[in-house]
Amino acid sequence: MANDLMERIISLCKRRGFVYPSSEIYGGFANIYDFGPLGSLLAKNIRDVWIKKMVQERNDMYLIDGSILMHPKAWEASGHTVAFTDPLIQCPSCKKRFRADKLEGWNLEKDNQTGKWNVLNQGSLICPDCNGNLIPDVKEFNLLMTTNVGSIEGEKTKVYLKGESCQNIYLDFLPIRDTMGAKIPFGVAQIGKAFRNEITLGKFLFKVREFEQMDIEYFCSPKEAKKLYEEWKNIRFNWYIDTIGLSKDRLCWRQHSSEERIFYARDAWDIEYKFFDEFEELEGIHDRSDYDLKQQGKFSGKTLDYFDPVGKKRFTPNIIECSGGLQRTFLAILAEGYREEKVNNEKRVFLKIKPNLSPYKVAVFPLVANKDNLIEKAKDVFNLLKPEFMTIWDSIGNIGKRYRRQDEIGTPWCITVDYQTLEDNTVTIRDRDTMKQQRIKIEELIGWIKEQLNV
Ligand code: GAP
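Here's a quick rundown of the structure.

What counts and what doesn't
Residues numbered from 1 in each chain as written. Predicted model: local features only at pLDDT ≥ 70, side-chain atom pairs only at ≥ 80, totals over all residues. Heavy atoms only, no water. Helix = DSSP H or I, 4+ residues; strand = E, 2+ residues; numbered from the N terminus. Buried < 20%, exposed > 50% of the residue type's maximum accessible area, 1.4 Å probe, protein only. Contact = heavy atoms within 4.5 Å. Areas by Shrake-Rupley, 256 points an atom, 1.4 Å probe, with all protein chains shown as cover. Polar contact = N/O pair within 3.5 Å; in protein donor to acceptor, adjacent residues only side chain to side chain. Phe/Tyr/Trp six-rings, centres within 6.5 Å; stacked < 30°, edge-to-face > 60°. Expected span 1.5 Å × (residues − 1). Salt bridge = Lys/Arg side-chain N within 4 Å of Asp/Glu carboxyl O. Pairing = 2+ DSSP bridges. Axes fitted to C-alpha atoms, helices over the stretch in contact; angles between N-to-C directions. Near = heavy atom within 4 Å. Core = buried A, V, L, I, M, F, W, Y, C linked by side-chain atoms within 4.5 Å. Disulfide = S-S within 2.5 Å.

## Focus on the overall build of the protein
- Across its full length, the protein holds 13 helices and 25 strands.
- With respect to the three principal axes, the spread of C-alpha positions in the protein is 75 × 65 × 50 Å.
- Across the 455 residues of the protein, 50% fall into the buried class.
- Counting only contacts in the protein whose residues sit at least 6 apart along the sequence, the fraction spanning at least 24 positions is 65%.
- Accessible area for the protein stands at about 21,700 Å²; split by element, carbon and sulfur atoms hold 48% of it.

## A word on the environment of Thr114
- Within the element layout of this structure, Thr114 appears in the loop between β6 (107–111) and β7 (116–121).
- Assessed through its relative accessible area of 43%, Thr114 is described here as partly exposed.
- With 35 residues separating them along the chain, Thr114 and Gly79 place their C-alpha atoms 9.6 Å apart.
- Side-chain polar atoms of Thr114 contact the backbone nitrogen of Lys116, separated by 3.1 Å.

## Brief notes about the side chain of Asp287
- Note that Asp287 resides in strand β15 (residues 279–287).
- The exposure class assigned to Asp287 is buried, which follows from its relative accessible area of 6%.
- At 3.0 Å, the side chain of Asp287 and the backbone nitrogen of Ser289 are in polar contact.
- Once residues within four sequence positions are removed from consideration, Asp287 is found in contact with Tyr229, Tyr264, Ala265, Arg266, Asp267, Ile319 and Ile320.

## Section: the packing of aromatic side chains
- The tally for this structure, following the rule as stated, stands at 18 aromatic pairs.
- Measuring from centroid to centroid gives 5.4 Å for Phe263 and Tyr264, while their planes differ by 75 degrees, and the two rings are edge-to-face.
- Aromatic side chains Tyr273 and Phe275 sit 5.2 Å apart centroid to centroid with 90 degrees between the ring planes, which places their arrangement in the edge-to-face category.
- Overall, the relative accessible area of 0% leaves Tyr273 in the buried class.

## Notes on helix α2 (residues 37–56)
- For α2, spanning 20 residues, the distance from its first C-alpha to its last is 27 Å, which sits close to the expected 28 Å at 1.5 Å a residue.
- Listed in full, the buried residues belonging to α2 are Leu38, Gly39, Leu41, Leu42, Ala43, Asn45, Ile46, Val49, Trp50, Met54 and Val55.
- Looking at the buried residues of α2, the elements they touch are β2 (33–35), β3 (61–64), β11 (186–195), β12 (210–220), α7 (225–242) and α9 (326–337).

## A look at the pattern of salt bridges
- Overall, the coordinates contain 43 salt bridges when judged by the stated rule.
- One salt bridge connects Lys52 with Glu57, and the closest N-O pair in it is separated by 2.8 Å.
- In this structure, Glu388 engages Lys450 in a salt bridge whose closest nitrogen and oxygen atoms are separated by 3.1 Å. Here the residue Glu388 occupies a position in the loop between α10 (372–385) and β22 (391–393), and Lys450 occupies one in helix α13 (residues 445–453), the gap between them amounting to 62 residues.
- The partly exposed category is assigned to Lys450, whose relative accessible area is 29%.
- A network of salt bridges, in which partner residues are shared, links Glu341, Arg348, Arg404, Asp407 and Arg430.

## Considerations on the sheet that holds strand β13 (residues 251–255)
- Spatial strand order, β3-β11-β12-β18-β15-β14-β13: 7 strands in an open sheet with mixed pairing. Two strands close off the open sheet at either side, each with one partner strand: β3 and β13. Here the strands of the sheet are splayed against their neighbours by 25 degrees on average, with no regard to which way each runs.
- Two elements, β12 and strand β18 (residues 318–325), share 8 bridges in a ladder whose sense is antiparallel. Bridge pairing links Asp215 to Ser323 in β18.

## A short note on the sheet that holds strand β21 (residues 362–366)
- What the 5 strands build is an open sheet, ordered β22-β21-β23-β24-β25; its pairing is mixed. In the strand order of this sheet, the two ends are held by β22 and β25 (437–441), each with one partner. Along the sheet, successive strands turn relative to each other by an average axial angle of 30 degrees, direction set aside.
- Judged from the 4 bridges that link them, strand β23 (residues 413–417) and strand β24 (residues 426–431) form a sheet pairing that is antiparallel. Looking across to β24, one finds that Cys414 is bridged to Arg430.

## Examining the site of the ligand
- As a structural note, the neighbourhood of the ligand is formed by 22 residues, with Glu164, Arg196, Glu198, Val208 and Glu281 the closest of them.
- Contacts to the ligand include Gln213, whose side-chain N or O atom sits 2.9 Å from an oxygen atom.
- Measuring from an oxygen atom of the ligand, one finds a side-chain N or O atom of Glu281 at 2.5 Å.
- Compared with its free state, where it exposes 550 Å², the ligand has 94% of that area covered by protein.

## Here we look at the nonpolar core
- One finds Phe18, Ile46, Trp239 and Phe330 to be the most contacted residues of the largest nonpolar core, which totals 64 residues.
- The residues contacting Ile46, other than those within four sequence positions of it, are Met214, Trp239, Leu326, Thr329, Phe330, Ile333 and Leu357.
- Of all hydrophobic cores here, the second largest spans 20 residues; its members include Ala378, Val417, Leu445 and Leu453.

## Here we look at the state of the cysteines
- Applying the stated criterion across every chain yields a total of 0 disulfides.
- Summary of cysteine pairing: Cys130 is not part of a disulfide, and the nearest cysteine sulfur, belonging to Cys91, is at 3.7 Å.
- Classification of Cys130 as partly exposed rests on a relative accessible area of 34%.
- Left without a disulfide partner, Cys322 is nearest to the cysteine sulfur of Cys220, which lies 11 Å away.
- By relative accessible area, which is 1% here, Cys322 ends up buried.

And the structure:
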């Protein structure tokens, strides 16, 4: 069901409060989206498992949470003000904008000193949208967004929104090295916003203008860079399988050619995922050499280096970068988990996602909604579980309908308080994927759920 699957996921996201178009009452805005109540929980769970695996369970990682606005010189130093460009062609008839490098038959190469794109091969000149004639006039389009700091008109300073979230990690290299006593090799992790004036959009959350990146910048000696690059490639690929639950056969590697490679990278590989009908980038793993610390050092006049106390040598650390997109991971989880099946001749939609990623871990229902003693008992169970897990209450409609509502949002377990509960303090707990039920003592519920969640 490829593209059809995307439509179903978009519809589910909107219907059930995962994702809303930003500013929808004004007709939406610029391919920007809000996470709704359920989407916020899923996004938080992704961030949490990333931090747990990449920071908490390791002893060589530090977490930071940097600002969005930075000194504008940092973006000159990084090269983004000049080289962070895409080649733009605008159709003179329909005014639609396209990336020339994505048009059929075109091959272009970027000059990283000037940000200019040289056309190696001119391809189709037919507008993919209106079939009009394109003029082969390729313009450099800088992806950085700008804003102003200062309150007096005319005295404001133009600043940039982060084009890539990681930049403050390089600026914080010195204080982290000094305040944390960090010994190389070590890494800095950050989940932060990035903003890009993308020319081509679409595909829901896949390509948006405001998004979050989950970045690891791993500082190492030049000698170790190659080996650690391979290690990090493995760690990140396996994270998507073991922690996020994506299937191995929907993941693959793709190395960037020299024409495609971003200006700061010595080597670049993408982890790609088959979201719908084709494999597309989920995370970029870059060998950034000593580019970032050298550039920021040059522009700031500070020496961003490291003294190795064992080898008694001073050097500029190399950086291995793993940069994953939160929105793309979110979309991959939904694309992987979305299931439809027939149960008793009716369609059942369920999200087969890892329980620790599910927005709600558990739902509590009274068997019927008009018996005070059942409701009271069910409220007791609800209040017992709520401090421990994201728990949702539902007493609307029949049990079957409540199960379906929870299946659709990926709640792994539904607990029903029935007449037997009033006699023996047991409840039924029903599994989302198998739909099987078992009886369990109320006093054992918390332990049982924790065991399943492995917490
Ligand atoms: N600091 C490195 C960097 O920014 P990138 O490959 O441009 O590298 C890293 O971006 C990740 O950020 C991508 O693999 C993707 O998951 C996500 N990403 C990039 N542009 C995006 C966009 N317009 N919308 C959603 N996610 C995006």
